[in-house]
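Examining the three-dimensional arrangement
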Amino acid sequence: MKRIFLIFLGGLTLAAGLLYWTLPEQRSGAPVLYWATQNDANKRETVALFQGWLARQGLPPVDLRIDNAGLEAGSPGGSPKVLVQGVAGMGGDLIDVSTYQLEMYQDAGMLMDLTDDAHRGGFSTDMIYPALRGDLVLDGRQYGFPRQSGVDMCWYNRATFERYRLPDPSPHWTWDEFEELGRRFVAATNPPGTRQRSYFIDRVWPPVLRRGLGLSTYNETGTRCTLDDPRAIEVLKRIYRWTIDERLMPTQQEQQALASDATGQNSAFALFATGRFAMLYEGLWASMELRRLGDLRLGAVEPFTAGFRNALAGNGTVAIYAGTRHRAQAEQFLQFLTSKPYNLFVARIGDSLPPVPAYARSEAYFHPAGQRNEWEARKVFSDATREIGIGGTTSPFVLPILAFRIDNENIEAMLTGLISPEEAARTTARRINDEIARRVRQDPKLQPLYAERKKIQEQIDARRAAGRPVPAAWISDPFLLAYYRAQGWLEKEAAP
Amino acid sequence: MKPRERTLRRWFTGMAFLLPNLLGFCAFTLVPLALSFAMAFTDWDIMRHNQFRHEPLHFTGLENFIRLLGDPQFWRDLGNTFYLMLGLPFAMAGSLGAALLLTRVSRRRTAVLPALAATTLVLIASGLGLLWGGMAESGVWFLFGMLAASVLLAGVLTGGTVYRTLFYLPSFTSGVATYVLWKKLYNPHSGPINFGLAPVLDRLTSLVRTSPDAFTYGLPVICAGLAAAVVGWQVRRLRSRWSGSESGLAAMVTGALTLGIPLGLLLSWQGFSMIVAVGVAASGAAVLIVTTLRRPRPWGRARSADAGLGTEFALAMLSLPLLLVLAAGIHVGPALPALAVSGIEPPDWLGSYAWAKPALMMVSLWAAIGSNNMILYLAGLGSISPELYEAADMDGASAGQRFWHITWPQLAPVTFFIGVMGIINGMQGGFEVARTMTAGGPAGATTTLSYYIFSEGFETGRLGYASAIAWVLFALVFAFSLLNFRFGNRDLSD
Amino acid sequence: MTETKGISSKPPGPARGLGLHGLMTLLSLGMVVPFAWMVLTSLKSLAEVGDPAWLPKQALWGNYPEVFSVIPFLRFMANSVVIAGWVTLLQVFTSALAAFSFARLQWPGRDRVFFLYLGTMMLPGLVMLIPNFQLMVRFGLVDSYLGLVRRPPSMPLARFCCGSSCWASRGPSTRRRRSTGPVSGRSSGR
């Protein structure tokens, strides 16, 4: 017994020593940087490109490693593990963030303010799409650089459309056109008395539908949630009709079930390829997945709207962790993201659009060799990002993940028939506004900002009521700014 | 002076042995406990109080707890937690059944291990070989046959050890892995469950279409008959236990309510107003109680008002679901012909509000049958003295009598322990399974309290509020455990 | 487990024995089939995963080596083994000492400490999850191997089982010892 115990003790000590000794930090001569991102072939190639770029720049080598252990696919609010590790002082040196996560992590103080270094190092927001600058900038400070940009659009499978004799959707199509096409497709693919196996589209994105009616999640200054607006109720009613009455699209749960793979949406892509989804609502990166499923004849069209044309634009941003010990090297990586080899690489593979807009107009982007079937869609994506892409809406007074969860839960509750659309809209707005009130009360740092924004909001409301234009600087929501501009509600701006 | 010194010496010796453990206990249990208790009274928020932002922490008194009382999510999640715990009696019954069966299987080994290994290997190899060759649909049945044959062979050769191992299989697989697996099994489009259910339901659809009357009238009548039988048996048992002074007033009321609840639910499903449903159910229960109370008690008064409550509770947990199923049968039957017009669909297990919780319960049940509970029951069965059974045989006791009068009472401490642990774990549980399979959805149908604590604490970072929820949960667990120790144990061991 | 013949009155006949084995086989299949389905699915191609058929058209054994290239599987495995090993080792060692102290030694305050231990079994692990995390942060143990080798939630149970079995092996005095506890106090007091 004693001997067994000692053998175990010895063996474990040895094994632990071995494990420690084989940690990358112990073995690598170069500084080891961790990049919290998905571990796929593209990221690995990015790392290789980065190392080549460093060498060409005459910079010392950096051991950049991908850490995907903290990422949870499919959790909408992002990964709690990244947040938890981050606030504990153990984050990755480079962190992949979405718009929503950026605000949350910045709020927690986890992200490094890059404003000054970015100007010096040539990776400031001047380099990227104007519509997407707000994604990286909070309170005038820059917190990252995109490794890719782009919009979500509606992909369609031409083979499926032809099989059921559906006309191509028109370039600026509307809710009614969507409904009409969808009804025809669902009727043709799902004969009565059989179980439904095909849907017209995999999902819709409620904020885009709301924006089509000129409604954002919050008011102009982010001080109040406006989802109890009659327009929000109209959107909810449409979603209910499309999901439950017409069965044009699966519910979120059904969609998750269809995308049965825990690691992503691969099954949705497979179903799209086999014609069980006529359309997919997704970014350009979907083409990489679809490529593996054969030579599909792809079309893409902007999201259907009822009035104001728009598409949700977003960055895949890389931010630098505030607790990093390798700031200089991490910034070199962001610099690398502006470089020609990297942008051409993104342009070629189509993992969304390259961060520097010029490369999304390049030959490498428009006409990738061997992917003739994507040429047309690529142009649509590039144009849409420049013309109708608008970044995500957040409010500094409520955590995006909370707002998202509340919105989502109420939509689900409405779809399961627990509450009416009116109730869902009311509850969503009330709960989000409660959260805003609580947050402002608890966080002294937010109080002056909130008071100031409140005052501006009153002025905006007064001017709007009087039919007078509003200064652009007053509006912090990217969508409402664009909407006001389109409606001619802004004061004359100085020509840039 | 001397004995005092000896006491001190003894204390030091005892402490010395305990110390390594006690240090860990203090560091990882007591200190965090105190900390978390303190945190529950603050506005600790991971966003504002962390490595990078050090803002003053505010003592907020009872604010977190007051907010909790008015938090609809908290009450919803509490309800979900209790709902999911309804699977516990089934799991316990399953474990006991499995343990009983396992002890009945002959434990005589007729062959040595190598022989067993060789046979199994050959079977599996031939199965895989055919798989490789690519058999079409029939290949599945061949595969099942292969599996069954090898399990049977191994079972016979090892005297049942294989069964025990296989029952225990879900317990030594990581929980998350089995949940991911079940998520795929439940998939309404590609999962085998609905794939298997679809033809059955199609059959049912055509049956309903051809003879709607059988379902409109037949099914409810059969269900009503069965329900009447169950109720009758329960009433008779209640009365005889009362007359025999085996149960007190509390047990009587519990038993009567068990019968009243399904009735009330059925009435409300049928469209009667809440008041009517509750009224009818309550008056039914009242009539039962009053008429029973009037019966003579030749053996004198029960020991106390709560005598027999544990047994009654255990039985209620078993008969309540049964009655509910029968009530559902009465209710669903007449609705079936209308449903059959468009085809009866298999449920969207994890996606529908109504089915998500039962789906999770079934997974837990599947995992719990062969778990440690079964092992505990096996140990318990092993320690029952054979003389008791021999004596019962001499008295000519039937199998049922042997079970109810020897096995069940002898296992009472084990049942009690499993039950207490099950309730404690159940109230704290549901996080992993919901996180993996449904992310708490749809519309929060599977969010349990533990899930809520996690999402408050680590998704939105409000550690203070999360701690407050955790302590309220602790208070509930503690109250339940006290109740259990107060009533359950004594009555189960009657 | 020990031999148990007592439960059934007569040894089962061959027919009944075989029936029993058949029943057990069926029940066992209920446990195995989900896993079998998982194994079969693991051999499918990505396109086939959405297909409810049990068997893949062609078994893709290459899916397995792919695991090693997609994630550092061996490293994860080694982490798990080493961490689990240390946890087990320390747990067995300290729990055995503690159980001995509780069961075989007499010292003042022993019962009180024991029930303090038992009481913690009732605490939701979640109560301690948050402060434990904070402590780990404070001591810089987050994201380290050391941080993981700490009290796992099942520890009081292990100690309890160990403790009570030691008690049980003490013979007659055990009974007395146990009957003073709240576990069965009332019933034996009658």
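Computed from a prediction, not measured in an experiment: that's the story for all the values here. Numbering of residues begins from 1 in every chain and follows the order in which that chain's sequence is written. Think of it this way: whatever chain is written first is A, whatever ligand is written first is 1, and the rest follow in order. Per-residue local features are limited, in this predicted model, to residues with pLDDT of at least 70; the limit for side-chain atom pairs, both in listing and counting, is 80 or more; totals at the level of whole chains, interfaces and linings are taken over all residues. Excluded from the side-chain calculation are hydrogens and water; included are all heavy atoms of the structure.

Here a strand is any run of E in DSSP of at least two residues, a helix any run of H or I of at least four, and the numbering for each starts at the N terminus. Helices and strands together make up the secondary structure of chain C, namely 9 helices and 0 strands. Along chain C, from the amino end to the carboxyl end, the secondary structure elements read α-α-α-α-α-α-α-α-α. Residue burial is assigned from relative accessible area. The probe radius is 1.4 Å, only protein chains are included, and a residue is buried under 20% of its type maximum, exposed over 50%, and partly exposed in between. With 190 residues in all, chain C has 44% of them scored as buried. Whether two residues are in contact is decided by their heavy atoms: any pair within 4.5 Å suffices. Expressed as a percentage of contacts within chain C between residues at least 6 apart in sequence, the contacts between residues at least 24 apart total 45%.

Bringing the overall build of chain A into the picture now. Looking only at helices and strands, chain A features 22 helices and 12 strands. When the 496 residues of chain A are sorted by exposure, 58% land in the buried category. Counted over contacts in chain A with a minimum sequence separation of 6, partners at least 24 positions apart contribute 70%.

For the rest of this paragraph, the subject is the nonpolar core. Residue types Ala, Val, Leu, Ile, Met, Phe, Trp, Tyr and Cys, when buried and joined through side-chain atoms within 4.5 Å, form a set referred to as a nonpolar core. Formed by 86 residues in total, the largest nonpolar core has its most connected members in Tyr186(B), Tyr377(B), Met437(B) and Ile469(B). When residues in this core are grouped by element, the largest group, 10 residues, is from helix α22 (residues 463-492) of chain B. The contacts of Tyr377(B), once residues within four sequence positions are left out, are Met92(B), Ser95(B), Leu96(B), Ala99(B), Leu411(B), Val414(B), Thr415(B) and Ile418(B). In terms of nonpolar packing, the next biggest core, distinct from the first, is built from 43 residues, Ala36(A), Val398(A), Ile436(A) and Val440(A) among them.

Quick look at empty space enclosed by the protein now. Buriedness for pockets is judged along seven lines, at least five of which must meet protein on both sides within 12 Å for an open set on the 1 Å grid over protein atoms alone, while cavities are sets there where a 1.4 Å probe fits but cannot get out, and lining residues have an atom within 4 Å of a point. Grid points are joined across faces, edges and corners, and a volume is the space filled by probe spheres set on the points. Per the counting criterion, the structure on display carries 15 cavities of 30 Å³ or more. In this structure, the second largest cavity encloses a volume near 110 Å³. Looking at the second largest cavity, the residues that line it are Val398(A), Leu399(A), Leu402(A), Glu435(A), Arg438(A), Arg439(A), Gln442(A), Asp443(A), Asp45(B), Arg48(B), Thr460(B) and Arg462(B). If one sorts the elements of the lining of the second largest cavity by residue count, helix α20 (residues 421-442) of chain A sits on top with 4 residues. Throughout this entry, Asp, Glu, Lys and Arg are counted as charged residues, while Ala, Val, Leu, Ile, Met, Phe, Trp, Tyr, Cys and Pro are counted as nonpolar. The remaining residues, Gly among them, count as polar. Classifying every residue of the lining of the second largest cavity by side-chain character gives 3 nonpolar, 2 polar and 7 charged.

We now examine a nonpolar patch on the surface. Residue and element names in this part refer to chain B. A surface patch of nonpolar side chains, about 550 Å² in accessible area, is lined by Leu249, Val253, Leu257, Ile261, Leu265, Trp269 and Leu293. No other element matches helix α11 (residues 249-269), which puts 6 residues into the nonpolar patch. Relative to the elements of secondary structure, Leu293 occurs in helix α12 (residues 274-293). On the accessibility criterion, Leu293 (37% relative accessible area) is partly exposed. Excluding any residue in a salt bridge, patches collect residues exceeding 30% relative accessible area, merging like charges within 9 Å and nonpolar Val, Leu, Ile, Met, Phe, Trp and Tyr side chains within 5 Å. The accessible surface values rely on the Shrake-Rupley method and a 1.4 Å probe; as for residues, cover is taken only from the protein chains in view. Definition used for salt bridges: Asp or Glu carboxyl oxygen within 4 Å of a side-chain nitrogen of Lys or Arg.

What follows is about the packing of α11(B) against α12(B). All names here are of chain B. Angular values range over 0 to 180 degrees, each being the angle between N-to-C directions of two axes fitted as lines to C-alpha atoms, with helices fitted over their stretch in contact. For the pair α11 and α12, the least separation of the axes is 8 Å and the interaxial angle reads 150°. Here α11 lies roughly antiparallel to α12, going by the angle between them. The element α11 and its partner α12 pack so that their crossing is right-handed. On α12, the residues touching Leu249, Met252, Val253, Ala256, Leu259, Gly260, Leu263, Gly264, Leu267 and Ser268 of α11 are Met274, Ala277, Val280, Ala281, Ala285, Leu288, Ile289, Thr292 and Leu293. Classifying every residue of the contact of α11 with α12 gives 15 nonpolar, 4 polar and no charged. Note on angle classes: values under 35 degrees are labelled roughly parallel, values over 145 roughly antiparallel, values of 65 to 115 roughly perpendicular, and the remainder oblique. By convention, the crossing between two helices is left-handed when the near helix turns anticlockwise from the far helix through less than a right angle, and right-handed when the turn is clockwise.

Okay, the packing of aromatic side chains next. Residues and elements named next belong to chain A. When two rings of Phe, Tyr or Trp (its six-membered ring) have centres within 6.5 Å they constitute a pair, described as stacked for plane angles under 30 degrees, edge-to-face for angles over 60, and tilted for the intermediate range. Going through the model one piece at a time under the given rule, you end up with 53 aromatic pairs over all chains. Centroid distance Phe178 to Phe200: 5.5 Å. Interplanar angle 50°. Geometry classified as tilted. Note that Phe178 is positioned in helix α9 (residues 175-189) and Phe200 in strand β8 (residues 199-201), a separation of 22 residues in sequence. Summarising the aromatic geometry, the rings of Phe185 and Phe200 are spaced 5.9 Å apart at their centres and angled 50° between planes, so their arrangement reads as tilted. Of this pair, Phe185 sits in helix α9 while Phe200 sits in strand β8; the two residues are 15 residues apart in sequence, bridging distant segments of the chain. You can call Phe200 buried: its relative accessible area is 0%. In this structure an aromatic cluster arises from ring pairing among Tyr156, Phe161, Tyr164, Trp173, Trp175, Phe178, Phe185, Phe200, Trp242 and Phe304. A ring is scored as having a charge over it whenever the NZ atom of a lysine or the CZ atom of an arginine sits within 6 Å of its centre and within 35 degrees of its normal. If you follow Arg378 out to its NZ or CZ, it ends over the ring of Tyr365, 5.4 Å from the centre. Sitting above the plane of the Trp489 ring, Arg464 keeps its charged end 3.5 Å from the centroid.

Here we come to the packing of helix α4 (residues 88-104) of chain B against helix α15 (residues 353-369) of chain B. All names here are of chain B. Orientation of α4 relative to α15, taken along the N-to-C sense of each, is 30°, at an axis distance of 8 Å. As far as their axial angle goes, α15 and α4 are roughly parallel. For the pair α4 and α15, the crossing hand works out as right-handed. Along its contact with α4, which presents Phe90, Ala91, Gly94, Ser95 and Ala98, the element α15 presents Leu365, Ala368 and Ile369. Of the residues in the contact of α4 with α15, the class split is 6 nonpolar, 2 polar and no charged.

This part covers the confidence of the model for chain A. Per-residue confidence from the prediction method is given by pLDDT, with values spanning 0 to 100. With 93% of its residues at a pLDDT of at least 70, chain A reaches an overall mean of 88. Here residues 73-77 of chain A scores under 50 on pLDDT; set against residues more than four positions off or in separate chains, the count is 6 contacts.

A separate point is the sheet that holds β8(A). Residues and elements named next belong to chain A. Here, strands pair whenever DSSP counts at least two bridges between them. Taken in spatial order, the 4 strands line up as β8-β9-β7-β10 in an open sheet, and their pairing is mixed. Each end of this open sheet is capped by a strand with a single partner; those strands are β8 and β10 (298-301). The average undirected angle you get between the axes of adjacent strands in this sheet is 30°. By the bridge criterion, 4 bridges tie strand β7 (residues 153-157) to strand β9 (residues 277-282) in an arrangement that is antiparallel. Counterpart to Met153 in the pairing with β9 is Glu282. Helix-sheet contacts for α9 involve β8 and β9, and the interaxial angle to β8 is about 155°. Helix-sheet contacts for helix α18 (residues 375-387) involve β7, β9 and β10, and the interaxial angle to β7 is about 170°.

What follows deals with the pairing of strand β2 (residues 63-67) of chain A. Residues and elements named next belong to chain A. Examined bridge by bridge, strand β1 (residues 32-36) and β2 share 5 bridges and lie parallel to one another. If you follow Val32 over to β2, its bridge partner there is Asp63. Each parallel crossover has a hand, and for β1 linked through helix α3 (residues 41-56) to β2 it is right-handed. When the strands point away from the viewer and the connection leading from the first strand across the helix to the second strand turns clockwise, the crossover is called right-handed.

Residue and element names in this part refer to chain A. With phi around 55°, Arg165 is a residue other than glycine that occupies positive phi space. Looking at the secondary structure, you find Arg165 in the loop between α8 (158-163) and α9. With a relative accessible area of 69%, Arg165 lands in the exposed category. Even without being glycine, Arg247 reaches a positive phi, approximately 60°. Structurally, the position occupied by Arg247 is in the loop between α11 (230-245) and α12 (252-258). The partly exposed category is assigned to Arg247, whose relative accessible area is 23%.

Among the residues of helix α16 (residues 340-349) of chain A, those classed as buried are Tyr342(A), Asn343(A), Phe345(A), Val346(A), Ala347(A) and Ile349(A). Note on α16(A): the residue one or two positions beyond its end, Gly350(A), has a positive phi of about 75°.

A separate point is the side chain of Glu103(A). Residues and elements named next belong to chain A. Note that Glu103 resides in helix α5 (residues 99-107). Among buried charged residues, Glu103 stands out as having no salt bridge; its nearest opposite-charge side chain is Arg439, 5.5 Å away. What qualifies as a polar contact is a pair of N or O atoms within 3.5 Å, subject to a donor-acceptor requirement within protein and to the restriction that residues adjacent in sequence count only when both atoms come from side chains. Separated by 2.7 Å, the side chains of Glu103 and Thr394 make a polar contact. When charges are counted, Lys and Arg contribute as positive and Asp and Glu as negative, whereas His and the chain ends are disregarded.

Our next topic: the environment of Thr416(A). Looking at the element boundaries, Thr416(A) is found in the loop between α19 (400-415) and α20. In this structure, the C-alpha to C-alpha distance between Thr416(A) and Ile244(A), residues 172 residues apart in sequence, is 8.9 Å. With residues near it in sequence (within four places) discarded, Thr416(A) still touches Tyr353(B) and Ala443(B).

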